[in-house]
Amino acid sequence: MADERQLPLISSAFLNVTQKCNLKCKYCFVCQQPKEITYEVAQDAAKFLARNALESGTRPSINFFGGEPMLRYNDIIKPLTEWIRDVYGDSFDLSLTTNGTLLTEEIMEFFDENNIGMLFSIDGDKTTQDINRPYHSGKGSFESLEPIIDLVLKYHPNMTFRATIDPPTHKELFNNYMFAVRKGYTNSFFIPNSFSDWSDEELEELNIELDKICNYYIAELKAGRKPMNFSHFDRARADIKRIAKLKDDDYREDGKGLPACGRCGLGASRFAAIGITGNIYSCQEMVENPEVGDKFKIGSIYDGIDDDKRLELVNSFDTQNAVCSKKEYCDDCIKRRICDGGCSINNFFKNKDLHVQDYVMCWYERKCIEKAYRIMLEEKKGVLKWH
């Protein structure tokens, strides 16, 4: 069982400033509602995090989150940032997660001056973006977003191209990867939507797209150039090396099941999420979610943290019990001995069990290992060097 003393004070949080969004992305987990935080609650949240950080010797941080947080730029983000910088200086880390549509040069200058980091979500070129991430009217968002891409990269040249893969635009994966390359991105994170019901045909089509990216990787590396990072290939390469170091009798990398100490999404670390009334949740995906959110509510900035609830969540997960939703897929899985079950919160949403990872995620990780292994074989031949 996890020990309460292992649970750190919460000093970093996603701050949910609004449940509203100007887009209607087809796969979004946010329950869009007319609920918004007040400036007073937002300021109290910052004070709560700062106090905990001071006591625990960590750096406080806020990620402005939503909905689309930029809808609250003028009355929450900008004034709260100015207050935080005035009171705490640069000792308080700030960032936001945005769809980018409301960004301007003036806003980017303000973010730059105040050292605000950013995660900017975009799924691809016009074909994909307009289908996956339209406005509520049904109009595509690509036209208004395209010039903003260059603006974001001007201020954040190492920004990650963060995209969700979903049918039917999964067949555009390579085109979207190359779109990001042409725009000047150096890093990418493409992840399939595990809440879609993927058919075998669609997965095979996605596999073909992964092969195209793998071939591009090999060609670029052979030419002595560094391809735009495809994060799951690099992760897969690391997994292959970890697996190779395991002893034959290791069932899991650690040799035993471990509770979720430090695990994302279960309230076990110093990271959490704060809702519009100051309630604290173990994961941002549970904030203001009327169906399942209360199960993951671990306190309030006003009433304090419920460590008993945190311990309940921590001890409800054990790596030893992690399985695929198609359990037979685990039998010959190369990742079986290092599997940690992926995103436990998504597992709960999809399968009502923290331990059951959706098949498409297991499939995707295994396919990326296959592609990474192909690249590593070429490296072993001496015809390229994978940086």
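Residues numbered from 1 in each chain as written. Predicted model: local features only at pLDDT ≥ 70, side-chain atom pairs only at ≥ 80, totals over all residues. Heavy atoms only, no water.

Here we look at the overall build of the chain
Looking only at helices and strands, the chain has eleven helices and 13 strands in total. Taken over C-alpha atoms, the radius of gyration comes to 21 Å for the chain, in line with the 21 Å a tight globule of 387 residues would show. If one aligns the C-alpha atoms of the chain with their principal axes, the spans along those axes are about 60 × 50 × 35 Å. A total of 387 residues make up the chain; the buried ones form 56% of that total. Of the contacts formed within the chain by residues at least 6 apart in sequence, a portion of 73% connects residues at least 24 apart. As displayed, the chain offers around 17,500 Å² of accessible surface, 49% of which is attributable to carbon and sulfur atoms. (Helix = DSSP H or I, 4+ residues; strand = E, 2+ residues; numbered from the N terminus. Rg over C-alpha atoms; globule rule 2.2 N^0.38 Å. Buried < 20%, exposed > 50% of the residue type's maximum accessible area, 1.4 Å probe, protein only. Contact = heavy atoms within 4.5 Å. Areas by Shrake-Rupley, 256 points an atom, 1.4 Å probe, with all protein chains shown as cover.)

Structural notes on the pattern of salt bridges
Should the charged atoms of two oppositely charged side chains come close, the side chains can pair. Applying the stated criterion across every chain yields a total of 24 salt bridges. For Lys-20, the salt bridge goes to Glu-36, with nearest N and O atoms at 3.8 Å. Of this pair, Lys-20 sits in the loop between β1 (12-16) and α1 (39-56) while Glu-36 sits in the loop between β1 and α1; the two residues are 16 residues apart in sequence, bridging distant segments of the chain. Given a relative accessible area of 32%, Glu-36 falls into the partly exposed group. Beyond isolated ion pairs, a larger network of salt bridges with shared partners links Lys-20, Glu-36, Arg-72 and Asp-75. (Salt bridge = Lys/Arg side-chain N within 4 Å of Asp/Glu carboxyl O.)

What to know about the side chain of Asn-22
On the secondary structure map, Asn-22 appears in the loop between β1 and α1. Judged by relative accessible area, which is 16%, Asn-22 ranks as buried. Here Asn-99 takes part through its side chain, which lies 3.0 Å from a polar atom of the side chain of Asn-22. At 2.8 Å, the side chain of Asn-22 and the side chain of Thr-101 are in polar contact. If we ignore the near neighbours within four places in the chain, the residues touching Asn-22 are Glu-68, Leu-71, Asn-99, Thr-101, Leu-102, Tyr-135 and His-136. (Polar contact = N/O pair within 3.5 Å; in protein donor to acceptor, adjacent residues only side chain to side chain.)

Observations concerning the sheet that holds strand β8 (residues 271-274)
If you trace the eight strands from one edge of the open sheet to the other, you get β4-β3-β2-β1-β8-β9-β10-β11, paired in mixed fashion. Lying at the two open borders of the sheet, with one neighbouring strand each, are β4 (116-120) and β11 (304-305). Judged from the five bridges that link them, strand β3 (residues 93-98) and β4 form a sheet pairing that is parallel. Each bridged residue has a counterpart across the sheet, and for Thr-97 the counterpart in β4 is Leu-119. Contacting β1, β2 (61-65), β8, β9 (279-281), β10 (297-300) and β11, α1 runs over the sheet at an angle of about 175° to β1. (Pairing = 2+ DSSP bridges. Axes fitted to C-alpha atoms, helices over the stretch in contact; angles between N-to-C directions.)

Some points on the sheet that holds strand β5 (residues 160-165)
Read from one edge of the open sheet, three strands run β5-β6-β7, paired in parallel fashion. With partners counted over all chains shown, the strands left at the sheet margins are β5 and β7 (229-230), one partner each. Bridging between strand β6 (residues 187-192) and β7 involves two bridges; their strand directions are parallel. Bridge pairing in β7 links Asn-187 to Asn-229.

Remarks on the side chain of Asp-239
Mapped onto the elements of the fold, Asp-239 is located in helix α8 (residues 231-245). According to the relative accessible area criterion, Asp-239 is buried, its value standing at 10%.

Describing α8
Taking 1.5 Å of rise per residue, 15 residues should cover 21 Å, and α8 covers 22 Å from first to last C-alpha, within 8% of that figure. For α8, the full list of buried residues reads Ser-231, His-232, Phe-233, Ala-236, Arg-237, Asp-239, Ile-240 and Ile-243. Its buried side turned inward, α8 meets β6, α7 (200-222), β7 and α11 (359-380). (Expected span 1.5 Å × (residues − 1).)

What to know about a negative patch on the surface
A cluster of acidic side chains, namely Glu-106, Glu-109, Asp-112 and Glu-113, defines a negative patch on the protein surface. Mapped onto the elements of the fold, Asp-112 is located in helix α3 (residues 105-113). (Patch = residues over 30% accessible without salt bridge, like charges linked within 9 Å, V, L, I, M, F, W, Y side chains within 5 Å. Lys, Arg positive; Asp, Glu negative; His and termini not counted. Charge placed at Lys NZ, Arg CZ, Asp CG, Glu CD.)

A short note on the environment of Ser-56
Take Ser-56: it is sitting in helix α1. For the pair formed by Ser-56 and Phe-233, sequence separation is 177 residues and the distance between their alpha carbons is 36 Å. Side-chain polar atoms of Ser-56 contact the backbone oxygen of Asn-52, separated by 2.7 Å.

A short note on the confidence of the model for the chain
Confidence in the prediction for the chain averages 92 pLDDT; 95% of positions are at 70 or higher. Note that pLDDT drops below 50 for residues 1-5; the model gives that stretch eight contacts with residues more than four away or on any other chain. Contacts from residues 253-258, a stretch scored under 50 in pLDDT, to residues over four places away or in other chains number 13 contacts. (pLDDT = per-residue confidence, 0-100.)

Points about the environment of Glu-378
Within the fold, Glu-378 resides in helix α11. Along the sequence, Glu-378 and Gly-184 sit 194 residues apart, while their C-alpha atoms lie 26 Å from each other. Look past the residues within four positions of Glu-378 in its chain and what remains in contact with it is Ile-218, Lys-222, Val-383 and Leu-384.

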